[in-house]
Amino acid sequence: MNSLWKALLAAPLLLLLSLHSWASAVSYIDQHSTSHSNGHTCVGCVLVVSVVEQLAQVHNSTIQASMERLCSYLPKKLFLKTTCYLMVHKFGSDIIKLLEAGMNADVVCHTLEFCKQNTGQPLCHLYPLPRESWKFTLEKARQIVKKSSTMQYPRSGSNICSLPFLAKICQKIKLSITNSVPYKDMDSDKYSVFPTLRGYQWRGRDCNDSDKTVYPGRRPDNWDIHRDSNCNGIWGKDPKDGIPYEKKFCEGSQPRGIILLGDSAGAHFHIPPEWLAASQMSLNSFFSLPMAITNELDWPQRSGVTGFLDATSRIEEKSIYLRLRRRNHCNHRDYQNISRNGASSHNLEEFIKSLSRNQLLDHPAIVIYAMIGNDVCNGQTDPVPKMTTPEKLYSNVMQTLKYLNSHLPNGSHVILYGLPDGTFLWDNLHNRYHPLGQLNKDVSPCSGWLTSNKTLRTLTSERAEQLSNTLKKIATSEKFTNFNLFYMDFAFQEIIEEWRRRGGQPWQLIEPVDGFHPNEVASFLLAENLWKKVQLQWPQVLGKENPFNSQIEQVFGDQGGH
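Residues numbered from 1 in each chain as written. Predicted model: local features only at pLDDT ≥ 70, side-chain atom pairs only at ≥ 80, totals over all residues. Heavy atoms only, no water.

For the chain, an unreviewed UniProt entry supplies the name Acyloxyacyl hydrolase and the organism Marmota monax. As stated in UniProt under Cofactor (unreviewed entry), the record for the chain gives "Ca(2+)". Heading Subunit (unreviewed entry) of the UniProt record for the chain holds this comment: "Heterodimer of the large and small subunits; disulfide-linked." (UniProt positions renumbered as here; feature names shortened; annotations may be inferred.)

See the structure below:
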C-alpha cells in the first residue's frame, strides 16, 4: 500500500529489480525506508540472494547449483528465465565468493553496490547486523571481490530495462501503470480484449475493440437489436414477439456498474509465499509470475470489490461486482478497478481520469472510495509529520467528489470507506516469521503499524480515526447533483470476529509476505460485510433484483463470460 512496504515485495525476482515504476511496492524491513538504499534494487537483491542461499541449504547443494535451480524454475515468458541466467553469469561468481565467506544477503548486496547507505540515513538491512561492526564486515567483504571485473560497474543505478530485448516490455508496463488505462486498446475507449496491462482483469472486457461506441456500462444503442453495444451479452430480439431482448429483460431493472477508487489493497496486491519460501519452490511455483508482473503484482480479478473470479481459498463469499451481477444479469461486465499501488488522497488526481463514465450515454454507477492506508503510512523514519492532515484530506476528497460529479450519470452513488485501525497488525503479527524467515527463524515483518514503538502505533491509529471522521463529516454535510453520498466504517474488527467464529485466527487474514494487506479471505469477507450493511441501510444503492435473470441465462448462457 505505501512506498516503504511495497519496495520489498516488488522484487522477488531479478527482472523486478529494475521496474522503477513500481515505486509503490511495500517493504517489511524494520522501520528503515528502502529509499535510503536505492529501494527496489537493494531489496530485490537481498530477496534473491536470500532465496539462493536457502535453496542451497534445502537441497544441500552449492550456491552455483542453487542459482541455476532458481533460474530453471522461472517461466520463459517476459524473458524471465533468460534474464535470470544473464544475471547469474554477470554476478554469480561474486555472490558465491561472498556467501561462502559467511556473509549474509545484506552484506552481499551492499558489497556489490545494489544497496547504498546515504550519509546521515539509517542503514537498510533485513537480517540482524553482524557481530563485528558493520563497517568492518563490509570492508572485509569488499576485499573478497576487490579484483572482480563486475565491480567496475556501479549497481545501485543499474537498470535491466535498458537491455534491448526487455526495453519494450518495460515500456509497456510503465505506460500501463502511469496512465492506469489498458495498454492494448485499439479504439481508445478505455476497455480492452487483453487481460493484463490494465485490461479486462481491471475493467469489463470490450466486446468490439474497433468501435469506441461499444463498451461495458453504456445504455443500449437502440435496445441493442443489431449489436451488443454495452457488452453485457444481451442483444437481438425475441423471434416470438419481436421485442428486443435488452428491452424485455433490462428496461426498468435499474442497471448499474461498480467502480473502485482504491490503493493496493483494492487492487488486491499479493505475493504468493511460495515465491520466497525455498522449501516450497518447484517448477510450478512461478507459473503465474508473468501475469502478476503485467498486473503490477496485483490480482484485481480476485479483488473483493471488482473481482469476477471466485476466491481460491474456497470461501463462499463473492465480490461486490459478482453480487451485483447475480442481482441483475444486465450488470454483466460493468466493473472498473481504478486502483493503484501507493495511491492516496493526494495522488488520486494523477489517475482518476482513467475512470470511464459518460453522463449522457452510460448507466449510473456505484463508486467506492477506499484509500485505506497511504494517508497515514508513508514509509518515513518519522512518519507523523508526513501523514495527511484532516484539513488536507477534506480538500483532496472534495476535489475528487467534484470530479465525480462532473462525470457520473445522474442517479449514481458514492460510498466513502473509512481507514482501518491497524493496531491489530502488531498484536497478531509481530511475533510471527515472514515466509523468507521460516526456514531459519530469522526474519519477521515489522514496519508502520508493525513497529515496536507503541507511541507511534497510537499516533497512527489516532490519525486514521481523525481522517475517517473527516470522511464521515463530508458524507453527512456535502451534497452533489449527480450522486448520493454515504460513509461506511472499515469494519476489520467485525471481520476478525466473524473469522474467529469460523475457527480461524486473525493473522490468517493478512498477506503473509508483506504482513500488511488484507488477503483474499479478508477482502471477500469485507465485501460481504459492506454488502449486508448497504442492503440494510441504503438498499436503493444496489438497484432492483431482476426477475428476468433466469430467462437471460436460458437465452444467453454465460453472456460471453468475462
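From this point on, the discussion continues.
Asker: Is there a simple way to think about the overall build of the chain in this case?
Answerer: A count of helical and extended segments in the chain gives 16 helices and five strands. For the chain, long-range pairs separated by at least 24 residues make up 69% of all intrachain contacts whose partners lie at least 6 apart in sequence. Summing over all exposed atoms, the chain offers an accessible surface of approximately 23,000 Å²; the carbon and sulfur share of this is 51%. (Helix = DSSP H or I, 4+ residues; strand = E, 2+ residues; numbered from the N terminus. Contact = heavy atoms within 4.5 Å. Areas by Shrake-Rupley, 256 points an atom, 1.4 Å probe, with all protein chains shown as cover.)

Asker: Whenever I open this one, the state of the cysteines confuses me. Can you help?
Answerer: Disulfides are covalent bonds that connect the sulfur atoms of two cysteines. All chains considered together, the criterion is met by five disulfides. One disulfide bridge connects Cys 207 with Cys 231, the sulfur atoms lying 2.1 Å from each other. Across the S-S bond linking Cys 207 and Cys 231, the dihedral sits near -80°, which makes this disulfide left-handed. Linking Cys 207 in the loop between helix H7 (164-179) and helix H8 (245-250) with Cys 231 in the loop between H7 and H8, this pair joins segments that are 24 residues apart in sequence. On the basis of relative accessible area, Cys 207 is assigned to the partly exposed category, the value being 36%. Disulfide partner of Cys 250: Cys 330, at an S-S distance of 2.0 Å. One disulfide, between Cys 250 and Cys 330, carries an S-S torsion of -95° and so falls in the left-handed class. Residue Cys 250 is found in helix H8, and its partner Cys 330 is found in the loop between helix H10 (320-327) and strand S2 (335-339); the two are separated by 80 residues along the sequence. In this structure Cys 330 comes out as buried when scored by relative accessible area, which is 6%. (Disulfide = S-S within 2.5 Å. Buried < 20%, exposed > 50% of the residue type's maximum accessible area, 1.4 Å probe, protein only.)

Asker: I tried to follow unusual backbone geometry on my own but got confused; where do I start?
Answerer: For residues that are not glycine, phi is negative in most cases, and the peptide bond is trans in most cases. The backbone of Phe 79 shows a phi angle near 60°, a positive value even though the residue is not glycine. Along the chain, Phe 79 turns up in the loop between helix H3 (63-73) and helix H4 (80-100). Among the residues examined, Phe 79 registers a relative accessible area of 35% and is labelled partly exposed. In this structure, Glu 113 takes a positive phi of about 65° despite not being glycine. Relative to the helices and strands, Glu 113 resides in the loop between helix H5 (105-111) and helix H6 (134-144). With a relative accessible area of 32%, Glu 113 lands in the partly exposed category.

Asker: Help me understand the nonpolar core, please; the structure alone is not making it clear to me.
Answerer: The tendency in soluble globular proteins is for nonpolar side chains to be buried side by side. Among the nonpolar cores identified, the biggest contains 78 residues, and Leu 401, Leu 404 and Leu 416 are the most heavily contacted of them. Broken down by element, this core gets its largest block of residues, nine residues, from helix H15 (residues 520-537). Those residues in contact with Leu 404 that sit more than four places away from it in its chain are Leu 261, Ile 352, Leu 355, Val 367, Val 414 and Phe 483. (Core = buried A, V, L, I, M, F, W, Y, C linked by side-chain atoms within 4.5 Å.)

Asker: Before we go on, may I ask you to explain empty space enclosed by the protein in this structure?
Answerer: Gaps left between atoms show up when a probe the size of a water molecule is rolled over them. Applying the stated rule across the entire model yields five cavities of 30 Å³ or more. Taken as a whole, the largest cavity spans an internal volume of roughly 240 Å³. Secondary-structure elements contributing two or more residues to the lining of the largest cavity are strand S3 (365-370) and H15. Top element by residues in the lining of the largest cavity is H15. It accounts for four residues. Grouping the amino acids of the lining of the largest cavity by side-chain chemistry returns 13 nonpolar, five polar and one charged. (1 Å grid on protein atoms, 1.4 Å probe; cavity = no way out; pocket = protein on both sides within 12 Å on 5 of 7 lines; lining within 4 Å. Points joined across faces, edges and corners; volume = space filled by probe spheres on them. Nonpolar A, V, L, I, M, F, W, Y, C, P; charged D, E, K, R; others polar.)

Asker: Explanation requested: the confidence of the model for the chain in the structure shown.
Answerer: Close reading of the predicted structure is inappropriate where its pLDDT is low. The predicted model of the chain averages 87 in pLDDT, with 87% of residues at 70 or higher. Scored below 50 in pLDDT, residues 1-37 makes 184 contacts in the model with residues more than four places away or belonging to other chains. In this model residues 443-448 is a low-confidence stretch, pLDDT under 50, and it forms 32 contacts with partners more than four residues away in sequence or in other chains. (pLDDT = per-residue confidence, 0-100.)

Asker: Looking at this model, I keep getting lost on the side chain of Asn 405. Mind explaining?
Answerer: Secondary-structure assignment places Asn 405 in helix H11 (residues 390-405). The residues contacting Asn 405, other than those within four sequence positions of it, are Gln 359, Phe 480, Thr 481, Asn 482 and Phe 483.

Asker: What is the right way to read the side chain of Asn 374 from this model?
Answerer: When you line up the elements, Asn 374 lands in the loop between S3 and H11. Its relative accessible area of 10% is what places Asn 374 among the buried residues. Here Ala 343 takes part through its backbone oxygen, which lies 2.6 Å from a polar atom of the side chain of Asn 374. (Polar contact = N/O pair within 3.5 Å; in protein donor to acceptor, adjacent residues only side chain to side chain.)

Asker: In this structure, what is going on with the pairing of S3? I would like to understand it.
Answerer: With six of six residues buried, S3 is to be regarded as a mostly interior element. Here S3 shows no split at all, with Ala 365, Val 367 and Tyr 369 on one side and Ile 366, Ile 368 and Ala 370 on the other all buried. In the sheet, strand S1 (residues 257-262) pairs with S3 via six bridges, with the strands oriented parallel. When the sheet's bridge partners are listed, Leu 260 is paired in S3 with Ile 368. As paired elements, S3 and strand S4 (residues 412-417) share four bridges and run parallel to each other. When the bridges of S4 are listed, Ile 366 appears paired with His 413. Each parallel crossover has a hand, and the one from S3 via H11 to S4 is right-handed. (Pairing = 2+ DSSP bridges. Right-handed = clockwise from strand over helix to strand, strands pointing away.)

Asker: Before we go on, may I ask you to explain helix H16 (residues 549-556) in this structure?
Answerer: For an α-helix, 3.6 residues make a turn, and residues three or four places apart therefore share a direction. When we look at burial in H16, the residues that qualify are Asn 549, Ile 552 and Phe 556. The buried residues of H16 occupy an angular sector of 55° when projected down its axis, which confines them to one face. Where the residues of H16 are buried, they touch H8 and H10. Gly 557 sits one or two positions beyond H16 and adopts a positive phi of about 60°. (Arc of directions from axis to C-beta.)

Asker: Just to check I follow, could you spell out the packing of aromatic side chains for this structure?
Answerer: Throughout the structure, instances matching the rule amount to 13 aromatic pairs. Seen in terms of ring centroids, Tyr 245 and Phe 249 are 5.6 Å apart; in terms of plane orientation they differ by 25°. Their pairing is stacked. With Tyr 245 and Phe 249 both in helix H8 and four residues apart, the pair spans about one turn of that helix. Of the two residues, Tyr 245 and Phe 249, neither departs from the other in class, the shared state being buried. Ring centres of Phe 490 and Phe 492 lie 5.9 Å apart, and the angle between their planes is 10°; this geometry places the pair in the stacked category. The class for Phe 490 is buried, based on a relative accessible area of 11%. On the accessibility criterion, Phe 492 (3% relative accessible area) is buried. An aromatic cluster is defined as three or more aromatic residues linked by ring pairs; in this entry it consists of Tyr 245, Phe 249, Phe 548 and Phe 556. One Lys or Arg, Arg 198, reaches over the ring of Trp 202 and ends 3.7 Å from the middle of that ring. The aromatic ring of Tyr 191 is capped on one face by Arg 203, whose charged end is 5.9 Å from the ring centroid. (Phe/Tyr/Trp six-rings, centres within 6.5 Å; stacked < 30°, edge-to-face > 60°. Lys NZ or Arg CZ within 6 Å of the ring centre and 35° of its normal.)

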